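# Observations on chain architecture
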Amino acid sequence: MSKMSYSSASMGSGSRTARRTVEFGRTYVVRPKAKHQATIVWLHGLGDNGSSWSQLLDNLPLPNIKWICPTAPTRPVTVLGGFPCAAWFDDGELSEDGPNDVEGLDASVAHIANLLSTEPSDVKLGIGGFSMGAACALYSATCFAQGKYGNGNPYPINLKAVVGISGWLPGARSLRNKIGSNDAARRAASLPVLLCHGQCDEVVPYKYGERSSQMMSSAGFRYVTFKGYEGLGHYTVPQEMEEVCQWLHTRLGA
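Residues numbered from 1 in each chain as written. Predicted model: local features only at pLDDT ≥ 70, side-chain atom pairs only at ≥ 80, totals over all residues. Heavy atoms only, no water.

- Under the annotation held in an unreviewed UniProt entry, the protein chain carries the name Lysophospholipase and is attributed to Helianthus annuus.

## Details of the overall build of the protein chain
- The number of helices and strands found in the protein chain is seven helices and 11 strands.
- Relative to its full complement of 254 residues, the protein chain shows a buried share of 55%.
- Relative to all contacts within the protein chain whose residues are 6 or more apart in sequence, the contacts with residues 24 or more apart total 75%.
- Carbon and sulfur atoms make up 48% of the accessible area of the protein chain, which totals about 10800 Å². (Helix = DSSP H or I, 4+ residues; strand = E, 2+ residues; numbered from the N terminus. Buried < 20%, exposed > 50% of the residue type's maximum accessible area, 1.4 Å probe, protein only. Contact = heavy atoms within 4.5 Å. Areas by Shrake-Rupley, 256 points an atom, 1.4 Å probe, with all protein chains shown as cover.)

## Structural notes on helix α5 (residues 182-190)
- Within α5, burial applies to A184, R187, A188 and A189.
- Buried positions along α5 lie against α3 (132-146).

## Concerning the side chain of Q146
- In this structure, Q146 sits in helix α3.
- Look at Q146 and you get buried, because its relative accessible area is 18%.
- Apart from residues lying up to four places away in sequence, Q146 is in contact with K178, I179, A184 and R187.

## Quick look at the nonpolar core
- Y155, L159, V193, M216 and F221 are the most contacted members of the largest nonpolar core, which has 54 residues in total.
- In contact with M216, other than residues within four places in its own chain, are L138, A141, L169, L175, V193, F221 and V224.
- Counting residues in each nonpolar core, the second largest holds 26 residues, with C69, L232, V244 and L248 among its members. (Core = buried A, V, L, I, M, F, W, Y, C linked by side-chain atoms within 4.5 Å.)

## Some remarks on the sheet that holds strand β9 (residues 159-165)
- One open sheet accounts for seven strands, arranged β3-β5-β4-β8-β9-β10-β11; its pairing is mixed. At either end of the open sheet lies a strand with only one pairing partner, and these are β3 (28-30) and β11 (224-229). Going from strand to strand, the sheet's axes swing by 15° on average, the running direction of each strand aside.
- Sheet topology places strand β4 (residues 38-43) next to strand β5 (residues 65-69); four bridges connect them, and they run parallel. Bridge assignment links I40 to a residue of β5, and that residue is W67.
- The strands touched by helix α7 (residues 238-252) are β4, β5, β8 (124-130), β9, β10 (193-198) and β11; relative to β9, the strand with the most contacts, the crossing angle is about 170°. (Pairing = 2+ DSSP bridges. Axes fitted to C-alpha atoms, helices over the stretch in contact; angles between N-to-C directions.)

Written as structure tokens, this is what we have:
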């Protein structure tokens, strides 16, 4: 229900003269049907909105989870030839090899952190997403481990679970160098991450998800689970969501 905006200046990106203001769309909330034990922000894919995922998540057998489904800002997207649509960040290539819009990623991850910041202290917090939303969720995981955003500002949320479906990790190649301190290594080792990917994905190829999983593991994320689905393209199926439910139930006790 909220609209929030961030300017590059408020994100601490330094002395840029051009301030880029990003306005987020509507946020949809699915209330828990039983005792509130966990809250997960779930991020849609490129060109979608929070509404479609909120309807799917509302039907999952996870009565103790509150789902928050924000809508990304509308912005020109390089991979679409500059066509404006809802996107968590700008991207010229949907892979971990592409150039990264760190400013856009940081703004979206800060928006997600802000949504989680008002949750009760006894509630476990997580982030999940599909496609570009999964990329943003995995980037959040790296910010949590490092204790800071890409621009150096402190990351404030204590994450307990991250899920990425049909996605990739932006900046995966340089991740190992960033998890250097003991604190960062400890946080990376504490965070369970689930990656699911269709082996016939024609939009974000399976190998990108697989490589992102391998790079997170080698950087010190000890609890990374990667699941591939034979014959599955760039969409989700009930079997995949059932496994996500089982994993969240085990990891969050919800």
